[in-house]
Amino acid sequence: MRASQTFLSTQKEAPADAEIVSHRLMMRAGMIKRLGAGIYSYMPLGLRVIRKIEAIIREEMNRAGAVELLMPVVQPAELWAETGRFQAYGPELLRVKDRHQRDFVIQPTSEEVITDIARQELRSYRQLPRNFYHIQTKFRDERRPRFGLMRGREFTMKDAYSFDRDKAGALASYQVMFDAYRRIFDRFGLQYRAVSADTGAIGGDASHEFQVIADTGEDAIAYCPASDYAANVELAEALPLLAGRGAATQPLARTPTPGRSTCEDVAAMLGIPLAATVKSLVLATDDRDADGNALGTTVWLAMVRGDHSLNEVKTGKLAPFKSGWRFATVAEIESHFGCKPGYLGPVGTARPVKVIADRTVARMADFVCGANEPDFHLTGVNWGRDLPEPDLVADIRNVVAGDPSPDGQGTLAIQRGIEVGHVFYLGTKKYSIPMDATFLDENGKPQPFEMGCYGIGVTRILGAAIEQNHDERGMIWPAAIAPFECVVCPIGMDRSADVRAAAERLHDELAARGIDVVLDDRGERPGAMFADWELIGVPMRVVLSDRGLKAGTAEVQGRRDAAAAAVPLADAARAVEERLRA
């Protein structure tokens, strides 16, 4: 490939609305062009990266036994109505009408369509297991699209769907996909973790996220350096930090804390550890009978240690909150506690409330909490003596660095990650049963499919790879997904026939070795030429010049190398190949 045969359009400055590194660098390198909020055109260099990502995905999906098909972007709403997701998905689902006023959706994912295919085509247990996948455009109407390809509205995703006859088979298919995803991300050359995760809007009973490690990641990952344990902080189990509840040693006291409404301020004023305080958050559940009629509202006081935070995902999985919950209104708080937020606690409430205590809080003694009176807190509070035992004790907090690992193998550390892949075991309740998707078993009886689904954010990987691999000069692509693996940079090619001939010979030799190489034949000055390719992030660069040719050498430099190495010209192609394949 010659640079003149593709399209390069680099810029010195990024647009003002480019907020993160990957967005800025892709815009500067001319890989993407903004068309609208969260909608981008993929320019030639960006598309080359996408095609390489897709090729690796296809090879590993095919190797794992999945079969490729292609499902439409526009889908009839009645399919989504069968599962209830047409109403439940929320405003991220773009709903449209055709000229006949029939409802359609612009698909964010394709569970309903693939289940419809399965119920028509997979009639017998003899046709199972089966896994279908496609790589297709998706659309999610993000409220606030940002960060370039990281949080766009239109994007490309690989989604796959497995169908099995029983749970054991479905879990086996899940493991096959999990292993395939590991191979895919290994081949991408990215540092990642596979972490236990919440199933979210997709539904199901088990899931793992594949997180590319990056300081700018939106997700927090808890992991144990001494073991293989890793989980999204939303799901990571927080073990109790106290072996048991100690005996009361302090009297209950109403203590003035003027103007101190936070645990941090109260602890500082009283000269006590923040861990001796308890934070109170007021939740509400709107109770309904079997017919959906309103029965009233139950107010809950969720209690976590002052240095901890409430985990809303784990809380929502508890039995009292599975049907939905919300934070209580100011009016509900004042009605039940006789006080505005900031000084709330479980002792002496104006009206009865139910108390849910985190595991650690349930074992605390002599703790500090709000007194339900402005400018006052209670000190020396003890369960059983000063207030009843909690109505519910559960894991409702986020883990923090230093917590014991749930697998008992050490302590947890926290790092940031960018979710680029997700595997789900769905079972039968989310799609098969609602859509009456069944097959005939050995006895000729209909059975619902056991399902799994598996996604990779193809275009998001571009942003994640750059967030993980960049420096002050630009991107640093892993070789497997770089727009080019090597660039040949001839100095004075337009003035020297010898340099031109040597550059073309080297280009052809590299190409013959299977290396994706580009020859910069634009005639740019060395500084501008090098700056372009460093911005673009090509892994290897070879510089040829009249001076080098006279010495019989070429300069070979990896994108991460501080300086170039002179190698014999005759060995330059081999040296590049060895570096790339190492």
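Please refer to the structure placed before this passage.
Cut-offs applied
Residues numbered from 1 in each chain as written. Predicted model: local features only at pLDDT ≥ 70, side-chain atom pairs only at ≥ 80, totals over all residues. Heavy atoms only, no water. Salt bridge = Lys/Arg side-chain N within 4 Å of Asp/Glu carboxyl O. Helix = DSSP H or I, 4+ residues; strand = E, 2+ residues; numbered from the N terminus. Buried < 20%, exposed > 50% of the residue type's maximum accessible area, 1.4 Å probe, protein only. Contact = heavy atoms within 4.5 Å. Core = buried A, V, L, I, M, F, W, Y, C linked by side-chain atoms within 4.5 Å. Polar contact = N/O pair within 3.5 Å; in protein donor to acceptor, adjacent residues only side chain to side chain. Pairing = 2+ DSSP bridges. Axes fitted to C-alpha atoms, helices over the stretch in contact; angles between N-to-C directions. Arc of directions from axis to C-beta. Phe/Tyr/Trp six-rings, centres within 6.5 Å; stacked < 30°, edge-to-face > 60°.

Student: Looking at this structure, I do not really get the pattern of salt bridges. What am I missing?
Tutor: Think of it this way: side chains of opposite charge can pair up when their charged atoms draw near. Summed over the entire model, instances satisfying the criterion amount to 47 salt bridges. Between Glu60 and Arg183 there is a salt bridge, and its shortest N-O distance comes to 2.7 Å. Taken as a pair, Glu60 in helix 2 (residues 44-63) and Arg183 in helix 6 (residues 167-188) lie far apart in primary sequence, 123 residues in all. Its relative accessible area of 24% is what places Arg183 among the partly exposed residues. With a closest N to O distance of 2.7 Å, Asp471 and Arg559 form a salt bridge.

Student: Could you clarify how one ought to interpret the environment of Gly148 in this entry?
Tutor: Assignment of secondary structure puts Gly148 in the loop between strand 7 (130-139) and strand 8 (154-164). Using a relative accessible area of 2% as the deciding quantity, one classes Gly148 as buried. Residues in contact with Gly148, not counting those within four places in the same chain, are His23 and Tyr40.

Student: Any chance you could explain the nonpolar core here in plain terms?
Tutor: Nonpolar side chains tend toward joint burial in soluble globular proteins. If you look at the biggest cluster of nonpolar residues, it comprises 67 residues, and the most contacted ones within it are Phe188, Trp477 and Trp533. It is helix 6 that provides the largest number of residues to this core, a total of 9 residues. With residues up to four places along the chain from it excluded, the contact list for Trp533 reads Ala3, Leu8, Phe484, Val487, Cys489, Val518, Asp520, Arg522 and Val538. In this structure, Ala284, Val299, Ala328 and Val353 belong to the second largest nonpolar core, which totals 27 residues.

Student: Would you mind going over the side chain of Asn382 with me for this structure?
Tutor: By secondary structure assignment, the location of Asn382 is in the loop between strand 19 (376-381) and strand 20 (392-394). Note on Asn382: relative accessible area 3%, which makes it buried. At a separation of 3.2 Å, a polar atom in the side chain of Asn382 contacts the main-chain carbonyl oxygen of Gly380. Ignoring anything within four residues of it in the chain, the contact list for Asn382 reads Ala248, Gln250, Ala365, Asp366 and Leu387.

Student: Help me understand the sheet that holds strand 15 (residues 294-305) in this model?
Tutor: Note: strands within a sheet are paired through backbone hydrogen bonds, in either parallel or antiparallel orientation. Pairing in this open sheet of 5 strands is mixed, and the strands run 16-14-15-17-20 from one edge to the other. Looking at the sheet topology across the chains shown, the edges are occupied by strand 16 (326-327) and strand 20. Pairing between strand 15 and strand 17 (residues 354-358): 4 bridges, direction parallel. Opposite Leu301, over in strand 17, you have Val355 as the bridge partner. Docked against the sheet, helix 9 (residues 330-337) engages strand 14 (278-288), strand 15 and strand 16, running at close to 80 degrees with respect to strand 15.

Student: Help me understand helix 9 in this model?
Tutor: Burial in helix 9 covers these residues: Glu332, Ile333, His336 and Phe337. Along the axis of helix 9, the buried residues cluster in a sector spanning 105 degrees; they form a single face. Looking one or two places after helix 9, you find Gly338, whose phi comes out positive at around 65 degrees.

Student: Looking at this structure, how should I read the pairing of strand 15?
Tutor: Regular strands place their side chains on alternate faces of the sheet. Of the pairings in the sheet, the one linking strand 14 to strand 15 comprises 11 bridges and is antiparallel in character. The partner of Ser280 across the bridge, within strand 15, is Met303.

Student: What is the right way to look at the packing of aromatic side chains in this model?
Tutor: For any pair of aromatic rings, the description rests on two quantities: the centre-to-centre distance and the angle between the ring planes. If you walk through the whole model with that rule in mind, you get 16 aromatic pairs. When the centroid spacing of 5.5 Å and the interplanar angle of 50 degrees are considered together, the rings of Phe178 and Phe210 count as tilted. Of the two residues, Phe178 sits in helix 6 while Phe210 sits in strand 10 (residues 206-213), which places them 32 residues apart along the sequence. Comparing Phe178 with Phe210, the two get one shared label, buried.

Student: Just to check I follow, could you spell out helix 7 (residues 263-270) for this structure?
Tutor: Side chains that are three or four residues apart share a direction in an α-helix, a result of its 3.6 residues per turn. Taken together, the buried positions of helix 7 are occupied by Cys263, Val266 and Ala267. Summarising the axial view, the buried residues of helix 7 lie within an arc of 100 degrees, below the 170-degree limit, and thus occupy one face. On its buried side, helix 7 packs onto strand 14, strand 18 (367-370) and strand 19. One or two positions beyond helix 7, positive phi appears at Gly271, with a value near 70 degrees.

Student: Explanation requested: the sheet that holds strand 31 (residues 565-568) in the structure shown.
Tutor: Overall, mixed pairing links the 5 strands, which are arranged 28-27-29-30-31 in an open sheet. At either end of the open sheet lies a strand with only one pairing partner, and these are strand 28 (517-519) and strand 31. Here the average twist between neighbouring strands, direction ignored, is 25 degrees. With 4 bridges connecting them, strand 29 (residues 540-544) and strand 30 (residues 553-558) associate as antiparallel partners. When the bridges of strand 30 are listed, Arg541 appears paired with Gln557.

Student: Mind showing me how you'd approach the environment of Arg581 here?
Tutor: Following the sequence through the fold, Arg581 ends up in helix 14 (residues 572-581). By relative accessible area, Arg581 is classed as partly exposed at 43%. Separated by 149 residues in the primary sequence, Arg581 and Ser432 have C-alpha atoms spaced 45 Å apart. If near-sequence neighbours (up to four positions away) are discounted, Arg581 is found in contact with Glu485, Arg513, Gly514 and Ile515. Here Gly514 takes part through its backbone oxygen, which lies 3.4 Å from a polar atom of the side chain of Arg581.

Student: Teacher, can you tell me more about unusual backbone geometry here?
Tutor: Across the chain, the bulk of peptide bonds are trans and the bulk of non-glycine residues have phi less than zero. Cis rather than trans, the peptide bond between Leu128 and Pro129 has omega equal to 0 degrees. With respect to the helices and strands, Pro129 occurs in the loop between helix 5 (111-121) and strand 7. With phi around 60 degrees, Asn372 is a residue other than glycine that occupies positive phi space. Relative to the elements of secondary structure, Asn372 occurs in the loop between strand 18 and strand 19. We classify Asn372 as buried; its relative accessible area is 9%.

Student: How should I be thinking about the side chain of Lys314 in this particular structure?
Tutor: Turning to its location among the elements, Lys314 is positioned in helix 8 (residues 312-316). A polar atom in the side chain of Lys314 sits 2.9 Å from the side chain of Asp395. Excluding its chain neighbours within four sequence positions, the residues that come into contact with Lys314 are Glu234, Leu235, Ala236, Glu237, Ala238, Asp395 and Arg397.

Student: Got a minute to help me understand the pairing of strand 31 in this structure?
Tutor: For strand 30 and strand 31, the ladder comprises 4 bridges, and the chain directions are antiparallel. From the neighbouring strand, Ala554 faces strand 31, where its bridge partner is Val567. With antiparallel pairing between neighbouring strands as the criterion, strand 30 and strand 31 make up a hairpin whose turn holds 6 residues.

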